[in-house]
Amino acid sequence: MGGRRPARHNGAMRERRWQDVARATGLTRADGTVAATIFAEMSALATRTGAVNLGQGFPDVDGPAHVRDAAVAAILAGHNQYPPGPGVPALREAVAAHQRRHYDLEVDPETEVLVTAGATEAIAAAVLALAGPGDEVITLEPFYDSYAATIALAGAAHRTIPLRPGPGGFHLDPDDVAAAFTDRTRLVLVNSPHNPTGTVLTREELTVIGEHARARDAVVVTDEVYEHLTYGAEHVPMATLPGLADRTLTISSAGKTLSFTGWKVGWVHGPAELVTAVRTVKQFLTYVASGPFQHAVAAALTDEDGRTGAYVTALADSLRRRRDTLVDALTTAGLNPSVPRGTYFVVADGAGLGYPDAVDLCRDLPARAGVVAIPVSAFCTPGGPVARELASWVRFTYVKSPDVLARAAEGLRSLRG
């Protein structure tokens, strides 16, 4: 019988898909209803108690004035309607020039660069374009929370490579990398510098991932939004490794580098056929976004007078000092922090304070220390082996002004007493 399926059947299909997302992100309660995220719970707790919110990873001050002024100039110049679908030409050219200048990567701004509504949209569009039912998508674990949701939306299976804590931080085991790949591996989504652990994967670790991706003919998608926020560690784009340029989509954004997270200006570059696939999906998500801000970010990336470079260098130096302040406070408190080499997050083991479950610690921290944080289990497969191994670990951000961070550090140090 022809015609549309009954509405009840369509509704059931839609329900199953959002339930897949809820399960993948750990939001399904025992009774089948959907809970609020731990991020929402902790943010509400910070508001209710007046605690310092070290759970949400966004700066509490704006980025450089000259970039803000460029956005105002773009608005006044009339760049307020839909920008071109691939992004304004000046920004695509600036992204290509940035990759050439920093990493010696040759990128065609006409066919190999796509501007997106932040890196999160680029990731979602890439996964939805290139993976589906029957495919497997590999990520590191812990993972940024949108990864699992996007993979579930695509109907693909999610496999992970655990990052394991040890002396000197979190690292990959080559045996774990090999075990994650199968004949169904379609995409490998790599995040370095890594949120939430703050690790920066070494050239050797990335090479191992790349070798397995090539052997399985998998596409590599890299989330490099913290590329310039590292502390003595080398950031290695996977597209620069032998044999990977023609199978790698590189994603970054202006939000973290320039401290304008609300502008939502991101980009993806890679082989033209892969970028075309991503654009095909992206145009049905936001279509376009951030018109005047694209012009401002283009001016910032071009950086003809060096002001942007000076700002980013100063930001990384300042974040290193703020990292050290927080690491010292966490150590004094009796937590065991893993010193990050990138991003603006640090994770610490709360077991030393008698908390085998970091969720309980996070709920107690506002009253005990005047601080809000996020359990690392929120970045893991619910109930999985990595979630169990890191059950007592907590993530804090240090991308707050020095005076706010000092107040948080004072509260944390009081935990030892």
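These figures come from a predicted structure and were not determined experimentally. (Residues numbered from 1 in each chain as written. Predicted model: local features only at pLDDT ≥ 70, side-chain atom pairs only at ≥ 80, totals over all residues. Heavy atoms only, no water.)

(A) Focus on the overall build of the protein chain. When you go through the protein chain residue by residue, the secondary structure sums to 15 helices and 15 strands. Taken over the C-alpha trace, the protein chain has a radius of gyration of 21 Å; the compact-globule value for 417 residues is 22 Å, and the two agree within 12%. Along the three orthogonal principal directions, the C-alpha set of the protein chain runs to about 65 × 60 × 45 Å. Out of the 417 residues in the protein chain, the part that is buried amounts to 55%. Here the analysis covers contacts within the protein chain between residues at least 6 apart in sequence; of these, 74% occur between residues at least 24 apart. With an accessible surface of roughly 17600 Å², the protein chain has 52% of that area assigned to carbon and sulfur atoms. Between the mean site of the 39 positive side-chain charges and the mean site of the 45 negative ones, the protein chain shows a separation of 6 Å. (Helix = DSSP H or I, 4+ residues; strand = E, 2+ residues; numbered from the N terminus. Rg over C-alpha atoms; globule rule 2.2 N^0.38 Å. Buried < 20%, exposed > 50% of the residue type's maximum accessible area, 1.4 Å probe, protein only. Contact = heavy atoms within 4.5 Å. Areas by Shrake-Rupley, 256 points an atom, 1.4 Å probe, with all protein chains shown as cover. Lys, Arg positive; Asp, Glu negative; His and termini not counted. Charge placed at Lys NZ, Arg CZ, Asp CG, Glu CD.)

(B) The arrangement of helix H6 (residues 145–154) in detail. With respect to burial, H6 is a largely interior element, eight of its ten residues being buried. Along H6, the residues classified as buried are Ser146, Tyr147, Ala148, Ala149, Thr150, Ile151, Ala152 and Ala154. Glycine 155, located one to two residues past H6, shows a positive phi value of around 80°.

(C) Quick peek at the pairing of strand S7 (residues 185–191). Among the seven residues in S7, six count as buried, and that is most of the element. Summarising the sheet, strand S3 (residues 136–141) and S7 pair through four bridges and their orientation is parallel. Along S7, the bridge assignment pairs valine 137 with leucine 187. Direction of pairing for S7 relative to strand S8 (residues 219–223): parallel, over a ladder of five bridges. Bridge pairing links asparagine 191 to aspartate 223 in S8. Considered for its hand, the β-α-β crossover made up of S7, helix H8 (residues 203–215) and S8 is right-handed. (Pairing = 2+ DSSP bridges. Right-handed = clockwise from strand over helix to strand, strands pointing away.)

(D) Representation of helix H2 (residues 38–49). Spanning twelve residues, H2 covers 16 Å between terminal C-alpha atoms, matching the ideal 16 Å at 1.5 Å per step. Within H2 the residues assigned to the buried category are Ile38, Met42, Ser43, Leu45 and Ala46. Taken around the axis of H2, the buried residues stretch over an arc of 155°, which confines them to a single face. Exposed residues pointing more than 90 degrees away from the buried face of H2 are listed as Thr47 and Arg48. Where the residues of H2 are buried, they touch strand S1 (52–53), helix H13 (358–369), strand S13 (371–372) and strand S14 (374–375). Downstream of H2 by a residue or two, glycine 50 has a phi angle that is positive, lying close to 75°. (Expected span 1.5 Å × (residues − 1). Arc of directions from axis to C-beta.)

(E) Here's a closer look at the pattern of salt bridges. One pass over the full model with this rule turns up 13 salt bridges. Across the pair arginine 164 and aspartate 176 runs a salt bridge whose closest N-O atoms are separated by 2.7 Å. Highlighted residues: arginine 164 in strand S5 (residues 164–166) and aspartate 176 in helix H7 (residues 174–180), separated in sequence by twelve residues. Residue classification places arginine 164 among the partly exposed positions, given a relative accessible area of 34%. Linking glutamate 389 and arginine 164 is a salt bridge whose minimum nitrogen-to-oxygen distance equals 3.4 Å. Placement of the pair is glutamate 389 in helix H14 (residues 385–389) and arginine 164 in strand S5, with a sequence separation of 225 residues. Judged by its relative accessible area of 37%, glutamate 389 is partly exposed. One network of salt bridges, in which partners are shared, links Glu136, Arg159 and Arg184. (Salt bridge = Lys/Arg side-chain N within 4 Å of Asp/Glu carboxyl O.)

(F) Just unusual backbone geometry, in detail. Omega for the bond connecting glutamate 141 with proline 142 falls within 30 degrees of zero, at 5°, which places this linkage in the cis form. Mapping proline 142 onto the fold places it in the loop between S3 and H6. Here the residue pair asparagine 195 and proline 196 is connected by a cis peptide bond, since its omega of 20° sits within 30 degrees of zero. The topology assignment puts proline 196 in the loop between S7 and H8. Residue aspartate 303 is not a glycine yet carries a positive backbone phi of 50°. The topology assignment puts aspartate 303 in the loop between helix H11 (291–302) and helix H12 (307–333). In this structure, threonine 343 takes a positive phi of about 70° despite not being glycine. With respect to the helices and strands, threonine 343 occurs in the loop between strand S11 (336–338) and strand S12 (345–349).

(G) Molecular detail of the sheet that holds S14. In spatial order, the strands read S11-S12-S15-S14; together these four strands make up an open sheet with antiparallel pairing. Whereas interior strands pair on both sides, the edge strands pair on one side only; in this sheet they are S11 and S14. Each of S11, S12 and strand S15 (393–397) is contacted by H12, which is oriented at about 10° to S12, the strand it contacts most. (Axes fitted to C-alpha atoms, helices over the stretch in contact; angles between N-to-C directions.)

(H) Local environment of the side chain of glutamate 224. On the secondary structure map, glutamate 224 appears in the loop between S8 and strand S9 (248–253). The buried charged residue glutamate 224 lacks any salt bridge partner; its closest oppositely charged side chain belongs to arginine 203, at an N-O distance of 11 Å. Residues within four places of glutamate 224 in sequence aside, it is in contact with Ser192, His235, Pro237, Met238, Thr250, Ile251 and Ser252.

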